[in-house]
Amino acid sequence: MSNRQRTAVSVAAAQAAVLLGGLAAGIAFAQTAPAPAPKPEPKPEAQIETVVVSGKRAALSSAQKIKQNSDEIVDSIVADDIGKLPDRSVTEVLQRIVGVTMDRTMAKGDPEHFSVEGSGISIRGLTYVRSEMNGRDSFSANGGRSLNFEDVPPELMAAVDVYKNPSAEQIEGSIGGLVNLRTAMPFDFDGLKTALSLQTTYSDLKEKSSPSVSGMVSNRWKTDLGEFGALVNIASSRSGTRTDAFQVEPYYPRTDAVVGQDPNTTLWIPKGSQWRTLEFDRKRQGLYGALQWKKDDVDSSLTYFRSKYRMQWDERAIFAQSDPYKLQVANGEFGKNGQLLYGTLTNNDGSGINFGADTRSAYRNSETQDLAWKLNWRANDQWSFSSDLQYIRATTDSFDSTVATGVQMPEETIDLRSGRPQLIFSDAQRAALVDPANYYWAFTMEHKDKSKATEKAWKGDARYKFKDEGFLQDLRFGVRFTERDATTTNTVPGYNWSPISQPWQIGWDINHLAFLNDPRFSADTYVHNFNNFFSGKASVPSLIFPTVSTTSGYPDSYAALHKYHDILCAEQHGGDTSACAPWTPASFGTDPSGTNKQRERTQAAFAQLRFGMDDWKYPVDGNIGLRVVRTESRADGYTVFTSKQVPSGATGVPVPVIPNFSEAGTFNNSYTDALPSLNLRMKASEKLQFRFALGKGISRPDFSQLQAYTTMSQDFTSTTVNGQTVVSNVTQTGTASGNPMLKPIKSTQGDITAEWYFDRTGSLTFAAFHKQLKDIILNQTFVKQIPDATGALQNFVTTGPINGAKGRATGFELAFQTYFDKLPGWLAGFGIQANYTYVDSKTKLYDPVGSAYCSGGNSASNLNLNLNGCDTDGRTFGNLPLQNLSKNAYNLALLYDRGDISARLAYSWRSKYLQAVNVNGTQGGDGTDTNPDSSTNGQRNVAWGLPVWADAYGQLDAGVYYKFNDHVTFGLEAQNLTNATYKQLMQQHIGTMGRAWFDTGRRYTLTARMSF
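The structure presented is a predicted model; accordingly, all values stated were derived computationally and were not measured.

Caption draft 1: Quick peek at the overall build of the chain. Helix and strand content of the chain: nine helices and 50 strands. Computed over its C-alpha atoms, the radius of gyration of the chain comes to 31 Å, within 12% of the 31 Å expected for a compact globule of 1012 residues. In the chain, buried positions account for 57% of the 1012 residues. The contacts of the chain with a sequence gap of at least 6 include a subset with a gap of at least 24, amounting to 75%.

Below, the structure is given as structure tokens:
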């Protein structure tokens, strides 16, 4: 397919998505004139411009025609939509598409931190999403395989396409779907084109404005050497937001929490409730340039894309860290399952409830650069060829620093009867929380990572067009070769938590806590006032926090703080400092366990046949194809083995002799996948058509899952009588940071759609889908062998990522849109868009873990804990769904396009979904062992980790644009108009309890756009 043809099809797919109703939050705030007359069909290279200037109604009419002739199911958002939606990131834009949902936490493993602009997407409930830039690979250097969409300036996009059933000619690697970010090309415009956009966004909770600017200039020239075109697009934007949060700690089973409590009655008491606020600032810059040339039957293009992203956030948080089994409840009210609804918490020993108050600062710098050259040659009426060469380089580095003080509250009164926690403090209690005498230096924690990834790719395609106009239309075939390198380095340990002074250290390590009223320890703190907390709907006490300079001053500030510990430790030991281990920073780049180095090569070939039968009563056309790809991967890493020393003369069970070792190794893996695909379309009439698609797909493991670092150990149990050791049992275990022998996740998937275009601006579409998954990757056990001194292979049961489950995702999508054209006068400008997605999922482990009770510590080898989750009473959950999958999601938008005014009022909603299991904030090691068959029944030694859910959430956004003249447009947008609160839940056996409530306030954006 020629470059011009690809442009036409790509733009067509973008326009066609409008008819699917996926752009529910306000597609194409187009500057329209009343009921514009139909215009001649534009030539392909002008179609993007036509979408921008021709008006909503004409664009929709054109999109209907193109969609009816498309080969695949594609949902898109074009440039005008992206620029006028009240969204500040590509992630937010994508959530408007039917079948696409957005994650709202900064990281999947850290649900405690909310992301206003989103952090990732799922397509049809699955996170196995591939990303492309102009049909080529695109990724961020974060250990994964796709882009962080929030890193990409939406101002540089001409369109965003979402493919849900990719054909054989498209690059493999997507199961959930394929997201292709498209940029404009000079030949997309008739001649000189300039555009400038100025914006300022105000966050009412942060009380700060953030500017954005973007500009584009493009032109084309005809010369004796052919036609040339050049385009330059730049963008720079800032974003400042604030998030306030309340949290409730997990509930613990207690039989002695209330004075006079019946010991046969169990009450469930949370460890406390807390609050926090996070200030987020982001700067994003983009540069894009394109050159095009065409002469006769040859054309070529050169593109360069660069995206830079810098994020900085600072958090002040208080969190409970007391002993939950010391808590007493006064004036308590309890729910039907024994859960605390209201009461005053105190410690039964009068020591006060221990809390931490931390200042946390984090930044991340990311950059992606993409250079690509494409050459197309139309040899004759039947043959055409193309060559596409690409180089991509991505880097990222991050530092995360936390410094905390501690405070002991005499009591805390919690009211949970009306949803969000109400925390009640007297004036005296508030005064105590700003008294330095009640605070001490608690701990520090640092994390650092750095990644670099590069890829070189080339593909060559050919197309043969059959001469006659019969059943066969054309044959497309080609090859693609890639070489990709990725290296990620993390601190060891990953998050280096180090105590300064903790209550549990008193008496053996330090003589007392490092209180702030001690002149030796009084520096580097301040009082933070939580002004306008929860948009003024709540009032919480001021607290004393470490200054930001202590978090940003690492490592010197850390070393100074840990000297406080050394002073107290020396006092505890009578001036002897030999027992006082000095603080050491986490290692970075020196410990092989913190480095993940990967190389991957792929070779792919495809053939695809397009066909059609137009003379049938109900015409049928489509394509059938096969893509075969071989993947070869190499991971550089280490294997470390340690063994317990066997006493001389030991008898009993023989202990294999294996010398301790630590050795570097290279681990090679390869696999070949055949991926057939079939796309059919039947036209029942000019307005009604049906599609059927069937195919296979793969999603390769993330590079973070392929790390080749494994530690193995050999241990034994024995008894010694009269100097004679008798070994009774030998255990051989291991823990792997990753598994370089992983295979891809595979899917067999099918789609059935119906599309009814009942008038020029109206459509009703339906799609049903089923994806059968196998080799889902999860952490479980596998056998790794190493030889002993005799050469015999010993089997070590190793915990790490494996292809350990199968599953399915089944559902349907429904989309509707229309304008009420027949209404009189100005009412004819109203329209409506709506879409709904339902997804049901199920997983089944190849080797199920079904224990009803939990045991062991919080380690990778505790499969019951990590897969099923464990409650604080030692009972497991199990039967958990796929993570990040909402069963129900919908978008609803009220549209208005009339004269010079274009407006949208749009609501986006998704039902609750499982975010994670056993993650920070909802895990611990002090669960009660309630297993009646356990030898430690009744003890508080069970590791627990709860399933954390995102509750159902909906957000109302709006925008209105006024076309001042043919060149200037002004707009006002508003995000989260109703100031919705995002809620998290934690699953326990007393029910699904409220875990966190996040408030982000509203955001308003003023826009001025100029186009010539």
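Caption draft 2: Structural detail: the pairing of strand S6 (residues 129–133). When you tally the buried positions in S6, you get five out of five residues, the bulk of the element. Judged by which residues are buried, S6 turns out to be covered on both faces: Val129, Ser131 and Met133 on one side and Arg130 and Glu132 on the other are all buried. Pairing of S6 with strand S9 (residues 177–182) involves five bridges; the strand directions are parallel. Opposite Glu132, over in S9, you have Asn180 as the bridge partner. Summarising the sheet, S6 and strand S7 (residues 136–137) pair through two bridges and their orientation is antiparallel. Of the residues in S7, the one forming a bridge with Glu132 is Asp137.

Caption draft 3: Looking closely at the state of the cysteines. Scanning the entire structure with this criterion turns up two disulfides. Paired through a disulfide, Cys854 and Cys870 show a sulfur-sulfur distance of 2.1 Å. Judged by the sign of its S-S torsion, about -105 degrees, the bond between Cys854 and Cys870 is left-handed. One end of the pair, Cys854, is in the loop between strand S39 (830–845) and helix H9 (863–868); the other, Cys870, is in the loop between H9 and strand S40 (888–898), with 16 residues separating them in the sequence. A relative accessible area of 3% means that Cys854 is categorised as buried. Residue Cys870 is classed as buried on the basis of its relative accessible area of 0%.

Caption draft 4: Summary view of the pattern of salt bridges. Tallied over the entire structure, the rule returns 57 salt bridges. Ionic pairing is found between Arg124 and Glu813, a salt bridge with its closest N-O pair at 2.9 Å. Of this pair, Arg124 sits in the loop between strand S5 (120–123) and S6 while Glu813 sits in strand S38 (residues 793–819), placing them 689 residues apart in sequence. Of the two residues, Arg124 and Glu813, neither departs from the other in class, the shared state being buried. Between Arg476 and Glu169 there is a salt bridge; the shortest N-O distance is 3.1 Å. Of the two residues, Arg476 is situated in strand S24 (residues 472–492) and Glu169 in the loop between strand S8 (159–163) and S9; the sequence distance between them amounts to 307 residues. Through salt bridges that share partners, Asp75, Arg124, Lys164, Asp751 and Glu813 make up one connected network.

Caption draft 5: Here's a closer look at the environment of Val948. Mapped onto the secondary structure, Val948 falls in strand S45 (residues 947–950). Owing to a relative accessible area of 2%, Val948 belongs among the buried residues under this scheme. For the pair formed by Val948 and Phe189, sequence separation is 759 residues and the distance between their alpha carbons is 49 Å. Apart from residues lying up to four places away in sequence, Val948 is in contact with Pro111, Tyr913, Leu914, Gln915, Ala916, Val919, Thr922 and Leu985.

Caption draft 6: Just the sheet that holds strand S18 (residues 340–347), in detail. Sheet architecture is open: four strands sit in the order S17-S18-S21-S22, paired in antiparallel fashion. Only two strands of the sheet have a single neighbouring strand rather than two, namely strand S17 (327–334) and strand S22 (422–424). With direction set aside, neighbouring strand axes in the sheet form an average angle of 20 degrees. Note that S17 and S18 share six bridges and pair antiparallel. From the neighbouring strand, Val329 faces S18, where its bridge partner is Leu345.

How each quantity is defined
Residues numbered from 1 in each chain as written. Predicted model: local features only at pLDDT ≥ 70, side-chain atom pairs only at ≥ 80, totals over all residues. Heavy atoms only, no water. Helix = DSSP H or I, 4+ residues; strand = E, 2+ residues; numbered from the N terminus. Rg over C-alpha atoms; globule rule 2.2 N^0.38 Å. Buried < 20%, exposed > 50% of the residue type's maximum accessible area, 1.4 Å probe, protein only. Contact = heavy atoms within 4.5 Å. Pairing = 2+ DSSP bridges. Disulfide = S-S within 2.5 Å. Salt bridge = Lys/Arg side-chain N within 4 Å of Asp/Glu carboxyl O. Axes fitted to C-alpha atoms, helices over the stretch in contact; angles between N-to-C directions.

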